[in-house]
Amino acid sequence: MKNLIKKLTETSSPSGYESAIREVIRAEISSLSTNIKVDALGNLIVTMGKKTDKGLRIMIAAHMDEIGVIVSHVEKNGLVRFSNLGTILPQYLVGSRVVFLNGVRGVINQDRPDDLHKIMTQDKHFIDVGAASDKDCPLKIGDVGVFDRGFVELGKRVSAKSLDDRVSCAVMIEVMKTIKNSPHELAFVFSTQEEVQSKGATTAAYEIEPDLAIALDVTPSLDIVGVKMQVDLGKGPAIKVRDVGMLSDPRMVRWMEETAKKNNIAYQLEVLDIGTTDAKVMQISKAGMPTGALSIPCRYVHSPSEVLDMDDVQATVTLLTALLNSPVSLE
Ligand SMILES: [Zn+2]
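Residues numbered from 1 in each chain as written. Predicted model: local features only at pLDDT ≥ 70, side-chain atom pairs only at ≥ 80, totals over all residues. Heavy atoms only, no water.

## Quick look at the coordination of the zinc ion
Step number 1: For the zinc ion, the full set of protein donor atoms is His63 (NE2), Asp164 (OD), Asp217 (OD) and Asp217 (OD), and the range of their distances to it is 1.9 to 2.7 Å.
Step number 2: Counting residues between consecutive donors of the zinc ion along the chain gives the motif H-x100-D-x52-D. Placement of His63 in strand β3 (residues 57–63) and of Asp217 in strand β13 (residues 212–220) is noted, with a sequence separation of 154 residues between them. Of the two residues, His63 and Asp217, neither departs from the other in class, the shared state being buried. (Donors = N, O, S within 2.8 Å, 3.2 Å for Na, K, Ca; no water. Helix = DSSP H or I, 4+ residues; strand = E, 2+ residues; numbered from the N terminus. Buried < 20%, exposed > 50% of the residue type's maximum accessible area, 1.4 Å probe, protein only.)

## Section: the sheet that holds strand β14 (residues 238–242)
In sheet architecture, strand pairing relies on hydrogen bonds along the backbone and comes in two forms, parallel and antiparallel.
Step number 1: Reading across the sheet, the 8 strands line up as β1-β2-β12-β3-β13-β16-β14-β15 and stay open at both edges, with mixed pairing between neighbours. The strands lining the two open edges of the sheet, one partner per strand, are β1 (35–38) and β15 (268–271). Adjacent strand axes in the sheet meet at a mean angle of 25°, parallel and antiparallel pairs treated alike.
Step number 2: Looking at chain direction, β1 and strand β2 (residues 44–48) are connected through 4 bridges and run antiparallel. Bridging from a neighbouring strand, Asn35 pairs with Thr47 of β2.
Step number 3: Set on the sheet, helix α3 (residues 163–178) makes contact with β2, β3, β12 (185–191), β13 and β16 (291–298); between it and β13 the angle comes to about 135°.
Step number 4: Contacts from helix α4 (residues 199–208) reach β1, β2, β3 and β12 within the one sheet, and its direction differs from that of β3 by about 165°. (Pairing = 2+ DSSP bridges. Axes fitted to C-alpha atoms, helices over the stretch in contact; angles between N-to-C directions. Contact = heavy atoms within 4.5 Å.)

## Looking at the packing of aromatic side chains
Step number 1: Here the structure, examined in full by the defined rule, presents 0 aromatic pairs.
Step number 2: The ring of Tyr206 has Lys286 sitting right over it, with the charged end atom 4.3 Å from the ring centre. (Phe/Tyr/Trp six-rings, centres within 6.5 Å; stacked < 30°, edge-to-face > 60°. Lys NZ or Arg CZ within 6 Å of the ring centre and 35° of its normal.)

## Digging into the pairing of β16
Step number 1: Among the 8 residues of β16, 8 are classified as buried, and the element is accordingly described as predominantly covered.
Step number 2: Neither face of β16 is exposed, since Thr291, Ala293, Ser295 and Pro297 on one face and Gly292, Leu294, Ile296 and Cys298 on the opposite face are all buried.
Step number 3: Where β13 and β16 come together, 8 bridges link them in parallel fashion. Across the sheet, Ala213 pairs through a bridge with Thr291, a residue of β16.
Step number 4: Bridging between β14 and β16 involves 2 bridges; their strand directions are antiparallel.

## Thoughts on the pattern of salt bridges
Step number 1: Summed over the entire model, instances satisfying the criterion amount to 27 salt bridges.
Step number 2: Here Glu66 ties to Arg166 by a salt bridge, and the two come within 3.1 Å at their closest N and O atoms. On the criterion of sequence distance, the pair formed by Glu66 in the loop between β3 and β4 (68–74) and Arg166 in helix α3 is long-range, its members being 100 residues apart.
Step number 3: Salt bridges sharing partners connect three or more residues here, namely Lys156, Arg157, Asp309 and Asp311. (Salt bridge = Lys/Arg side-chain N within 4 Å of Asp/Glu carboxyl O.)

## With respect to the sheet that holds strand β11 (residues 157–160)
Step number 1: Spatial ordering of the open sheet is given by β10-β11-β17, a layout of 3 strands whose pairing is antiparallel. Whereas interior strands pair on both sides, the edge strands pair on one side only; in this sheet they are β10 (152–154) and β17 (306–309). Mean inter-strand twist for the sheet, computed between neighbouring axes without regard to direction, equals 30°.
Step number 2: Sheet topology places β11 next to β17; 4 bridges connect them, and they run antiparallel. Note that in β17 the partner of Ser159 across the bridge is Val307.
Step number 3: The sheet contacts of helix α7 (residues 310–325) involve β11 and β17, and relative to β17 the element is tilted by about 60°.

## Considerations on the domain arrangement of the protein
Step number 1: As assigned here, the protein comprises domain 1 (2–66 + 161–325) and domain 2 (68–147).
Step number 2: The centre of domain 1, based on its C-alpha atoms, is set 31 Å off from the matching centre of domain 2.
Step number 3: Taken residue by residue, the interface counts 14 residues in domain 1 and 14 residues in domain 2.
Step number 4: Here domain 1 meets domain 2 over a buried area of about 1100 Å², counting both sides, of which 71% is carbon and sulfur.
Step number 5: Scanning the region where domain 1 abuts domain 2 turns up 0 salt bridges.
Step number 6: Linking domain 1 with domain 2 are 1 residue pair in polar contact (both at pLDDT 80 or more). (Domains from an automatic or database assignment. Buried area = accessible area lost by both parts, 1.4 Å probe. Polar contact = N/O pair within 3.5 Å; in protein donor to acceptor, adjacent residues only side chain to side chain.)

## Comments concerning the state of the cysteines
Step number 1: If you walk through the whole model with that rule in mind, you get 0 disulfides.
Step number 2: Left without a disulfide partner, Cys169 is nearest to the cysteine sulfur of Cys298, which lies 13 Å away.
Step number 3: Cys169 gets classed as buried once you look at its relative accessible area, which sits at 0%. (Disulfide = S-S within 2.5 Å.)

## Points about the nonpolar core
Step number 1: Among the nonpolar cores identified, the biggest contains 54 residues, and Ile25, Ile60, Phe188, Phe190, Leu216, Leu320 and Leu324 are the most heavily contacted of them.
Step number 2: For this core, the element with the highest residue contribution is α3, accounting for 9 residues.
Step number 3: If near-sequence neighbours (up to four positions away) are discounted, Phe188 is found in contact with Leu44, Ile45, Val46, Met48, Ile60, Met172, Val175, Met176 and Leu324.
Step number 4: Counting 18 residues, the second largest nonpolar core, distinct from the first, contains Ile67, Val80, Phe100 and Cys137. (Core = buried A, V, L, I, M, F, W, Y, C linked by side-chain atoms within 4.5 Å.)

Take a look at the structure:
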């Protein structure tokens, strides 16, 4: 599992440019189903099983895009100004490295601040690619890049860029490998452009028309700073009750909790004040559907060095497998 997460997080594929990660994932899952397709927005959709009279059509989505940078302007002195693909947090920029899809690497720094201890806004930052002028700058407007940071193990925890949401892609691959005899028709969607308002999941849900939907994503674990959101690393997957974009169907929350209890899987409940997931758009696709989400606790989300606990990853695999292996009764 760690090797798979390493492989997925070390692939560069920001929102809208998912072809590299899609091919890495496709190589992992190509033997698992004969029904694999890529739609117009680049979603990789893998269907397994047939709907039985005890079963439903269930869509499970994990987004394969990651946050990134996009060149907006090249200064005369060769320094590169940039905009964001998804939410880039200024406090993580100075000293970060980025790699562009054309292979160019650069380091990020900021304009001279009045106050050395102040975090400046994103537009006051630039990328230095080693160019002496705009003439010899190897980047042009519209080139895209991602954080350049390798995967490392920290005891039973791991750190990498883009654990949001490649860890859920790894969970989904693992579940696809182990699931047997599900009564459901399962549509696993590796979705695109989640970081820019869940565009891929929007069209995929419209096409698939599921009876029920589950999103897999990370959620910020703020267990280090003692703020009001209470999701801790190492205490199991969080069953989403609410985030900024969605109220989970309470019947889904109950079903997930009961399944976790029945299988002795540690879990937490999530009420999130910042951000949302693909579940937001699946819930209101066409005539709508019961929707919920499992969130893997993650520290420093959207930084180049996100951190999560492998026990939570394993427990998420176990819980999702248990949810998909039995008939669903929502009460
Ligand atoms: Zn995410």
